[in-house]
Amino acid sequence: DAKTTQPPSMDCAEGRAANLPCNHSTISGNEYVYWYRQIHSQGPQYIIHGLKNNETNEMASLIITEDRKSSTLILPHATLRDTAVYYCIVRVEGHNYGQNFVFGPGTRLSVLP
Amino acid sequence: NAGVMQNPRHLVRRRGQEARLRCSPMKGHSHVYWYRQLPEEGLKFMVYLQKENIIDESGMPKERFSAEFPKEGPSILRIQQVVRGDSAAYFCASSDLDRNSPLHFGNGTRLTVT
């Protein structure tokens, strides 16, 4: 099972910031948080990952709370092409190595014109 | 730097035939993972391989499915005697040696069994 919980769906107006939350209250000290998105019929696209510091790249920003029990992915200026299912993943320790990248149901983000 | 390449993008097989799906990892990546996504469902882990070794196949169906990642050439996922329930999108991902590195996915092979 995934170690994260996300809202099943969210809407965002085009041009506004999209803030996607993720809870990972059982995260361990050395476990990273990863974000992916899947646009219909395509492969999951890597967005960003982090351990405890906030991270930013050309696609998004990742804000991790100080206690690391939750994080938020921020798309600063959402476009219609950002409509996708967004997955927050924490590697599951204790499983066979190959199984530890577990996809949950994610958040379906709809960017509205 | 080419990403993960999968082929074919679409594959149609009749029941009982064999399906062979190919995956070339990103340059410099030595770890390959296969996932399956059934229609309207999430991605499920199938198998994790390194060159010439299967590390974890705990997500593979016990029969008809096999995977390899030879010393030379792409990784192959083989499905023998396909059935309609095998119809799905099959995604390959690769990563480098760092345990904390992200996985990078290809755009998948969509298998349709008629």
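Below or above, wherever it landed, is the structure these notes cover. Because the structure is a prediction, the values reported are computed rather than measured.

### Overview of the overall build of chain A
Logical step 1: Tallying secondary structure elements over chain A gives 0 helices and 9 strands in all.
Logical step 2: Principal-axis analysis of the C-alpha atoms places the extent of chain A at approximately 45 × 30 × 25 Å.
Logical step 3: Buried positions account for 44% of the 113 residues belonging to chain A.
Logical step 4: Considering only contacts within chain A whose residues lie at least 6 apart along the sequence, 57% involve residues at least 24 apart.
Logical step 5: Per element, the accessible surface of chain A, about 5700 Å² overall, is 48% carbon and sulfur.
Logical step 6: In chain A, which carries 9 positive and 10 negative side-chain charges, the distance between the mean positions of the two groups comes to 1 Å.

### Details of unusual backbone geometry
Peptide bonds are mostly trans, and most non-glycine residues show a negative phi.
All names here are of chain B.
Logical step 1: Following N7, the chain continues into P8 via a peptide bond in cis, with omega recorded as -5°.
Logical step 2: Mapping P8 onto the fold places it in the loop between strand 1 (5-7) and strand 2 (10-13).
Logical step 3: Phi is positive for Q81, which is not a glycine, with a value near 50°.
Logical step 4: For Q81, the location among the structural elements is in the loop between strand 8 (75-79) and strand 9 (88-95).
Logical step 5: By relative accessible area, which is 54% here, Q81 ends up exposed.

### Side note on the pattern of salt bridges
Residue and element names in this part refer to chain A.
Logical step 1: A full pass over the atoms with the stated rule returns 4 salt bridges over all chains.
Logical step 2: Across the salt bridge formed by R37 and D82, the nearest N and O atoms sit 2.8 Å from each other. Of this pair, R37 sits in strand 3 (residues 33-38) while D82 is found in the loop between strand 7 (70-75) and strand 8 (84-90), placing the two residues 45 residues apart along the sequence.
Logical step 3: In this structure D82 comes out as buried when scored by relative accessible area, which is 12%.

### Quick word on the packing of aromatic side chains
Logical step 1: The tally for this structure, following the rule as stated, stands at 13 aromatic pairs over all chains.
Logical step 2: An angle of 40° between the planes, with centres 6.3 Å apart, marks the rings of Y32 of chain A and Y34 of chain A as tilted.
Logical step 3: Accessibility expressed as a relative area gives 22% for Y32 of chain A, which makes it partly exposed.
Logical step 4: For Y34 of chain A, a relative accessible area of 0% puts it in the buried group.
Logical step 5: Taking the centre distance of 5.8 Å and the plane angle of 90° together, the rings of Y36 of chain A and F105 of chain B count as edge-to-face. Placement of Y36 of chain A in strand 3 and of F105 of chain B in strand 10 (residues 104-105) is noted, with the two residues assigned to different chains. F105 of chain B shares its class with Y36 of chain A; the two are buried.
Logical step 6: Feature note: the residues Y32, Y34, Y36, Y46, Y87, F101 and F103 of chain A together with Y35, F45 and F105 of chain B constitute an aromatic cluster, connected by ring pairs.

### Some words on the state of the cysteines
Logical step 1: Enumeration according to the criterion identifies 2 disulfides over all chains in this entry.
Logical step 2: In this model, C22 of chain A is linked to C88 of chain A through a disulfide, with the two sulfur atoms separated by 2.1 Å. The chirality of the disulfide connecting C22 of chain A with C88 of chain A is left-handed, given an S-S dihedral of about -80°. You can see C22 of chain A sitting in strand 2 (residues 18-23) and its partner C88 of chain A sitting in strand 8, a full 66 residues away along the chain.
Logical step 3: Put simply, C23 of chain B and C92 of chain B are joined by a disulfide, and their sulfur atoms are 1.8 Å apart.

Conventions and cut-offs
- Residues numbered from 1 in each chain as written.
- Chains lettered and ligands numbered in written order.
- Predicted model: local features only at pLDDT ≥ 70, side-chain atom pairs only at ≥ 80, totals over all residues.
- Heavy atoms only, no water.
- Helix = DSSP H or I, 4+ residues; strand = E, 2+ residues; numbered from the N terminus.
- Buried < 20%, exposed > 50% of the residue type's maximum accessible area, 1.4 Å probe, protein only.
- Contact = heavy atoms within 4.5 Å.
- Areas by Shrake-Rupley, 256 points an atom, 1.4 Å probe, with all protein chains shown as cover.
- Lys, Arg positive; Asp, Glu negative; His and termini not counted.
- Charge placed at Lys NZ, Arg CZ, Asp CG, Glu CD.
- Salt bridge = Lys/Arg side-chain N within 4 Å of Asp/Glu carboxyl O.
- Phe/Tyr/Trp six-rings, centres within 6.5 Å; stacked < 30°, edge-to-face > 60°.
- Disulfide = S-S within 2.5 Å.

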